[in-house]
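One-letter residues, chain by chain:
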Amino acid sequence: MLSSQTKDLVTTETMKKLRAWGLYIDHVLEADDATFNSLIRETRWHQKKVEYIKQTSQILKDKYDYDIPPTVDGLKQLPGVGTKMAMLAMLCCWKKCAGISVDVHVHRISNRLKWAHTKTPEATRIELEGWLPKEYWPRINQMLVGFGQMMCLPVHPRCSQCPVKDLCPSAEMSKREKELRKKYC
């Protein structure tokens, strides 16, 4: 939940603070909102996340005996958990690939590569799952997220340095690159 709309480095540092504080369900439930908020304040929408994490902690204690639900549907019933997070949790926690986890990076790159022609991450997930062999589903998120954070940026992608620029129909080329491609391709 902490990683939603938050940079990986911020999420990592926040998790270190929480672990040092004592991150377990009963401790979360015993903590007042202000204390918990101070621990996660660097994340985006931290006040809403306090609410979701505390509600989820109570549900996990009462309904799942301190565990997490073993299904996508069960996970999506938790406050603040959507399809992407549920798919990732299934893969990381239960070693079950229930589908492709599509975030903004996977959505953007899939559309730039013309693997999908969609407007939303959920539509991209459905389209990718329609043609991509299931054996690749567990790895695609991990491969494309880092690539999207470092190379295929939302604004000013680094196309000239990209290892797949010659295969990418959306690659932004310099005038010289366009001339060479036209001449030799």
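It should be noted that the structure appears before, not after, this text.
Residues numbered from 1 in each chain as written. Predicted model: local features only at pLDDT ≥ 70, side-chain atom pairs only at ≥ 80, totals over all residues. Heavy atoms only, no water.

Colleague: Teacher, can you tell me more about the overall build of the chain here?
Modeller: The secondary structure content of the chain amounts to 10 helices and 0 strands. Across the chain, helices and strands are ordered from the amino to the carboxyl terminus as α-α-α-α-α-α-α-α-α-α. Reported as C-alpha extents along the three principal axes, the dimensions of the chain are approximately 70 × 35 × 25 Å. If you take every contact in the chain between residues at least 6 apart in sequence, the share linking residues at least 24 apart comes to 47%. Just so you have it, the chain exposes about 11,700 Å², and 56% of that area is on carbon and sulfur atoms. (Helix = DSSP H or I, 4+ residues; strand = E, 2+ residues; numbered from the N terminus. Contact = heavy atoms within 4.5 Å. Areas by Shrake-Rupley, 256 points an atom, 1.4 Å probe, with all protein chains shown as cover.)

Colleague: I tried to follow helix α8 (residues 121–131) on my own but got confused; where do I start?
Modeller: Along α8, the positions that sit buried rather than exposed are Thr124, Arg125 and Leu128. Viewed end-on, α8 has its buried residues packed into an arc of 105°, placing them on one side of the element. Structural note: α8 exposes Ile126 and Gly130 on the side pointing more than 90 degrees away from its buried face. Check the buried side of α8 and you find it contacts α6 (83–94) and α7 (104–112). (Buried < 20%, exposed > 50% of the residue type's maximum accessible area, 1.4 Å probe, protein only. Arc of directions from axis to C-beta.)

Colleague: Explain the packing of α7 against α8 here, please?
Modeller: The geometry of a pair of packed helices is captured by two quantities: the angle between their axes and the separation between those axes. Direction vectors running N to C along α7 and α8 enclose 60°, while the axes themselves pass 9 Å from each other. With respect to each other, α7 and α8 are oriented oblique. In the crossing of α7 with α8, the sense of the turn from one axis to the other is left-handed. Listed contacts from α8 to Val106, His107, Ser110 and Asn111 of α7 are Pro121, Thr124 and Leu128. (Axes fitted to C-alpha atoms, helices over the stretch in contact; angles between N-to-C directions. Parallel < 35°, antiparallel > 145°, perpendicular 65-115°, else oblique. Left-handed = near helix turned anticlockwise from the far one by under 90°.)

Colleague: Explain the environment of Ser110 here, please?
Modeller: Relative to the helices and strands, Ser110 is located in helix α7. Along the chain, Ser110 and Tyr66 lie 44 residues apart, while their C-alpha atoms are 37 Å from each other. In this structure Ser110 touches Trp115, Ala116, Thr124, Leu128 and Leu144, once residues within four positions along its chain are discounted.

Colleague: Teacher, can you tell me more about the packing of aromatic side chains here?
Modeller: What describes a pair of aromatic rings is the distance from one ring centre to the other and the angle between the planes of the rings. Tallying each qualifying case throughout the model produces 2 aromatic pairs. Where Trp21 meets Phe36, the ring centres are 5.7 Å apart and the plane angle is 65°; that geometry is what we call edge-to-face. Here Trp21 is found in helix α1 (residues 8–21), whereas its partner Phe36 is found in helix α3 (residues 33–40), with 15 residues between them in sequence. For Phe36, a relative accessible area of 0% gives the class buried. When the centroid spacing of 6.1 Å and the interplanar angle of 75° are considered together, the rings of Trp115 and Trp131 count as edge-to-face. In this pair, Trp115 sits in the loop between α7 and α8 while Trp131 sits in helix α8, placing the two residues 16 residues apart along the sequence. Classification of Trp131 as partly exposed rests on a relative accessible area of 43%. A cation over a ring is seen here: Arg44 above Trp45, with NZ or CZ 4.8 Å from the ring centre. (Phe/Tyr/Trp six-rings, centres within 6.5 Å; stacked < 30°, edge-to-face > 60°. Lys NZ or Arg CZ within 6 Å of the ring centre and 35° of its normal.)

Colleague: Please clarify how the packing of α7 against helix α9 (residues 137–150) should be interpreted in this entry.
Modeller: Contact pair α7 / α9: the axes reach a minimum separation of 8 Å and the direction vectors enclose 85°. Judged on the interaxial angle alone, α9 and α7 are roughly perpendicular. Seen from α7, the contacting residues are His105, Val106, Arg108, Ile109 and Ser110; seen from α9, they are Asn141, Leu144, Val145, Phe147, Gly148 and Gln149. Tallied by class, residues from the contact of α7 with α9 come to 5 nonpolar, 5 polar and 1 charged. (Nonpolar A, V, L, I, M, F, W, Y, C, P; charged D, E, K, R; others polar.)

Colleague: What should I look at first to understand unusual backbone geometry in this one?
Modeller: When glycine is set aside, most residues are seen to have a negative phi, and most peptide bonds are trans. Unusually for a residue other than glycine, Tyr66 sits at a positive phi of about 70°. Along the polypeptide, Tyr66 turns up in the loop between α4 (46–64) and α5 (72–76). Relative accessible area serves as the criterion here: at 40%, Tyr66 is assigned to the partly exposed category. Its identity is not glycine, yet Lys95 carries a phi of approximately 55°, on the positive side. By secondary structure assignment, the location of Lys95 is in the loop between α6 and α7.

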